[in-house]
Protein chains: 2
Amino acid sequence: MTPHERELTTTDADGHPDADAAIVLGEDPPSARVPLDRRRIVDAALEHIEESGLATLTMRRLGARLDVEAMSLYRYVPGKEDLLDAIVEILIGDMHEDPEVLAAPECGWQDFLQRLAHGVRRVALAHPKSFPLVASRPPEAPWLRPPLRSLDWVETFLSGLCSDGFSDEAAVAGYRAFTSFLLGHLLLEVSSLGADIGPLDVLEDGDDEDPRLRDHPTVRRLRRGLGEDHAAAEFEEALEELLNRIAVIRVEL
Amino acid sequence: MTPHERELTTTDADGHPDADAAIVLGEDPPSARVPLDRRRIVDAALEHIEESGLATLTMRRLGARLDVEAMSLYRYVPGKEDLLDAIVEILIGDMHEDPEVLAAPECGWQDFLQRLAHGVRRVALAHPKSFPLVASRPPEAPWLRPPLRSLDWVETFLSGLCSDGFSDEAAVAGYRAFTSFLLGHLLLEVSSLGADIGPLDVLEDGDDEDPRLRDHPTVRRLRRGLGEDHAAAEFEEALEELLNRIAVIRVEL
DNA sequence: ACCTGAACACCGTTCAAGT
DNA sequence: ACCTGAACACCGTTCAAGT
């Protein structure tokens, strides 16, 4: 694709170099490939993870994807660990840019938390294989419990609640309940998605039997229900319950 | 070191072989080191992770810890991935051996789930740096939603509920609610523990200011509360709420 | 200014060879 | 039977050198 574009822009069918024209028009330098750039690197890493998984992400492979040798990446990224951190920052940034999420809590804290939860869920579902990084990378502020990454996110959350009548203690308690809720639900949902469930693994309720089920009669009996995906509905329901619980915290603390 | 031991045990200072004496006493072969063994390898890996973190776990280092070259490990473990899976199995096994957890649900499903939850939490807290593997390793049964590892665990859970009046549908719904609850709470709790929080990171409420807090006034204001660890109490409280919710599921489904 | 070749230390893993 | 030496392919990372 990139070579294709390059061909089209550097010479036309008659062999005329038309690079000059492009420059005159103020476009990118003919096709001396766009110089590398930190954001482009992080995006490519994200793409790779979603396509092929975190385990195969390699500085060398990432370089190849960008038509560059691995060493070039180090001009823009201090190292692989920092690259993974940068991915997390992009994911969190996506959340913050979402206008749905960003909107101030004018319609009350319940609406605010609803939008926040759905915003995080959208990001998680859009990047199922990368999302677990958000939970596993060492946090920006380790003294913060729970140590979710991104002080920006925490600030948004706490100031949102405090602006709608939460006491300091209630806001902190709400923060804890909300984050563990999101983590549990989204990590599980995302891990079913990332599992690359082969069509043969669906375990039809036909007469054929998975040998592993011989010693697990209850799992076998309930296997149809266990295979169904009700993640969306369960998320809504559990979120509703959570908001009720936070409402109690709000008036009690 | 290894050659040193060998010298000391196979011959004494006068050149007498003393291996026979040891054998006569019925002890381990003098100290020709205990032959390797799959369980010993997995235990050593667990120890290494808790001491030094998953990132530094290496077949070569693991070999060194066992006074053996890395290649020897491959006689007992097919590869590094399988080793990580084996660690998860040990953790889950620990849970199942806990008599507190294992006891049949004779005192009702609420007591049963209480014991189960606390059993899982004990294991998580005992191995904070290894526990995240339970959530991140690809599951034994990918068609199972959520895909928690270990069919044994799922079987225990479901048959426990079904033996105390849960319909099939209610048991499945309860399973989903329970696992996402445990995952969220324990991963967050364990990640605060594993963070190796330096004493300087506690962020005293003294007058010194972390520069990162300049743009996060609410976090700064609430930092004392955010640093406190109420994980145990919050776990109990949230578990109580969860059991209430499951009670509703039980009668409704 | 931006990229690369060559190099270094360290991986996971295999296999023929040692004891 | 159990372990190791030597080797292979592949990592992350550095740095002097190329354009």
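Residues numbered from 1 in each chain as written. Chains lettered and ligands numbered in written order. Predicted model: local features only at pLDDT ≥ 70, side-chain atom pairs only at ≥ 80, totals over all residues. Heavy atoms only, no water.

- An unreviewed UniProt entry lists chain A under the name TetR/AcrR family transcriptional regulator C-terminal domain-containing protein, with Nocardioides luti as the source organism.

**A short note on unusual backbone geometry**
Phase 1: R145 of chain A connects to P146 of chain A through a cis peptide bond whose omega is -10°.
Phase 2: Note that P146 of chain A resides in the loop between α8 (132–136) and α9 (151–162).
Phase 3: A positive phi angle is found at D67 of chain B, which is not glycine, with a value near 60°.
Phase 4: Among the secondary structure elements, D67 of chain B is positioned in the loop between α4 (59–65) and α5 (70–73). (Helix = DSSP H or I, 4+ residues; strand = E, 2+ residues; numbered from the N terminus.)

**Concerning the packing of aromatic side chains**
Residues and elements named next belong to chain A.
Phase 1: Tallying each qualifying case throughout the model produces 14 aromatic pairs over all chains.
Phase 2: With a centroid separation of 5.7 Å and 70° between ring planes, the pair formed by F157 and Y175 is classed as edge-to-face. On the criterion of sequence distance, the pair formed by F157 in helix α9 and Y175 in helix α10 (residues 168–194) is long-range, its members being 18 residues apart.
Phase 3: Accessibility expressed as a relative area gives 0% for Y175, which makes it buried.
Phase 4: Their ring planes at 40° and their centres at 5.4 Å tell us that F181 and F235 sit as a pair that is tilted. With a gap of 54 residues between them, F181 in helix α10 and F235 in helix α13 (residues 231–252) connect regions that are remote in the sequence.
Phase 5: For F181, a relative accessible area of 8% translates into the label buried. (Phe/Tyr/Trp six-rings, centres within 6.5 Å; stacked < 30°, edge-to-face > 60°. Buried < 20%, exposed > 50% of the residue type's maximum accessible area, 1.4 Å probe, protein only.)

**With respect to the protein's contact with DNA strand D**
Phase 1: Inspection of the region around DNA strand D gives 18 residues, with R60 and Y74 of chain A together with E69, R75 and Y76 of chain B positioned closest.
Phase 2: When atoms of DNA strand D within 4 Å of the protein are split into backbone and base, the sugar-phosphate part holds 49%.
Phase 3: Between a base nitrogen of DNA strand D and a side-chain N or O atom of R60 of chain A, the distance comes to 2.3 Å.
Phase 4: In this structure, Y76 of chain B approaches DNA strand D through a side-chain N or O atom, which is 2.8 Å from a phosphate oxygen.
Phase 5: Those elements that provide at least two residues to the surface near DNA strand D are α4 (59–65) of chain A together with α5 of chain B.
Phase 6: No other element matches the 3 residues that α4 of chain A contributes to the surface near DNA strand D.
Phase 7: The residue makeup of the surface near DNA strand D, split by class, is 8 nonpolar, 3 polar and 7 charged. (Near = heavy atom within 4 Å. Polar contact = N/O pair within 3.5 Å; in protein donor to acceptor, adjacent residues only side chain to side chain. Nonpolar A, V, L, I, M, F, W, Y, C, P; charged D, E, K, R; others polar.)

**Thoughts on the protein's contact with DNA strand C**
Phase 1: As a structural note, the neighbourhood of DNA strand C is formed by 19 residues, with E69, R75 and Y76 of chain A together with R60 and Y74 of chain B the closest of them.
Phase 2: Counting only atoms of DNA strand C within 4 Å of the protein, the sugar-phosphate share comes to 49%.
Phase 3: The contact in question runs from a base nitrogen of DNA strand C to an N or O atom on the side chain of R60 of chain B, over 2.3 Å.
Phase 4: Taking Y74 of chain B, its side chain carries an N or O atom lying 2.8 Å from a phosphate oxygen of DNA strand C.
Phase 5: In terms of residue count, α4 of chain B provides more of the surface near DNA strand C than any other element does, 3 residues in total.
Phase 6: Classifying every residue of the surface near DNA strand C by side-chain character gives 9 nonpolar, 3 polar and 7 charged.

**Quick word on the UniProt feature "domain: HTH tetR-type" (unreviewed entry) in chain A**
Phase 1: The positions UniProt marks with the feature "domain: HTH tetR-type" (unreviewed entry) are residues 35–95 of chain A.
Phase 2: Between the C-alpha atoms that bound residues 35–95 of chain A there is a distance of 28 Å. The span itself is 62% helix and 0% strand. (UniProt positions renumbered as here; feature names shortened; annotations may be inferred.)

**Some remarks on the interface of chain B and chain A**
Phase 1: Taken together, the contact between chain B and chain A spans 54 residues of the former and 54 residues of the latter.
Phase 2: Counting each side, the surface lost to burial between chain B and chain A is near 5,100 Å², with a carbon and sulfur contribution of 64%.
Phase 3: For chain B, the biggest contributors to the area lost against chain A are W143, R145 and L226 of chain B; these three give 17% of the whole.
Phase 4: Counting every contact that joins chain B to chain A gives 6 salt bridges.
Phase 5: Linking chain B with chain A are 24 residue pairs in polar contact (both at pLDDT 80 or more), by the criterion used here. (Contact = heavy atoms within 4.5 Å. Buried area = accessible area lost by both parts, 1.4 Å probe. Salt bridge = Lys/Arg side-chain N within 4 Å of Asp/Glu carboxyl O.)

**Some details on the environment of D229 of chain A**
Phase 1: With respect to the helices and strands, the residue D229 of chain A is situated in the loop between α12 (223–227) and α13.
Phase 2: One polar contact links the side chain of D229 of chain A to the main-chain amide nitrogen of A231 of chain A, over a distance of 2.9 Å.

**Some words on a negative patch on the surface**
Phase 1: Taken together, E236, E237, E240, E241 and E252 of chain A together with E236, E237, E240, E241 and E252 of chain B make up a surface patch of like negative charges.
Phase 2: When residues of the negative patch are traced back to their parent elements, those giving at least two are α13 of chain A together with α14 (231–252) of chain B.
Phase 3: Among the secondary structure elements, E252 of chain B is positioned in helix α14. (Patch = residues over 30% accessible without salt bridge, like charges linked within 9 Å, V, L, I, M, F, W, Y side chains within 5 Å. Areas by Shrake-Rupley, 256 points an atom, 1.4 Å probe, with all protein chains shown as cover. Lys, Arg positive; Asp, Glu negative; His and termini not counted. Charge placed at Lys NZ, Arg CZ, Asp CG, Glu CD.)

**Things to note about the UniProt feature "DNA-binding region" (unreviewed entry) in chain A**
Phase 1: Taking the numbering used here, the UniProt-annotated feature "DNA-binding region" (unreviewed entry) corresponds to residues 58–77 of chain A.
Phase 2: What you have in residues 58–77 of chain A is 35% helix and 0% strand, and the ends, taken at the C-alpha atoms, are 13 Å apart.

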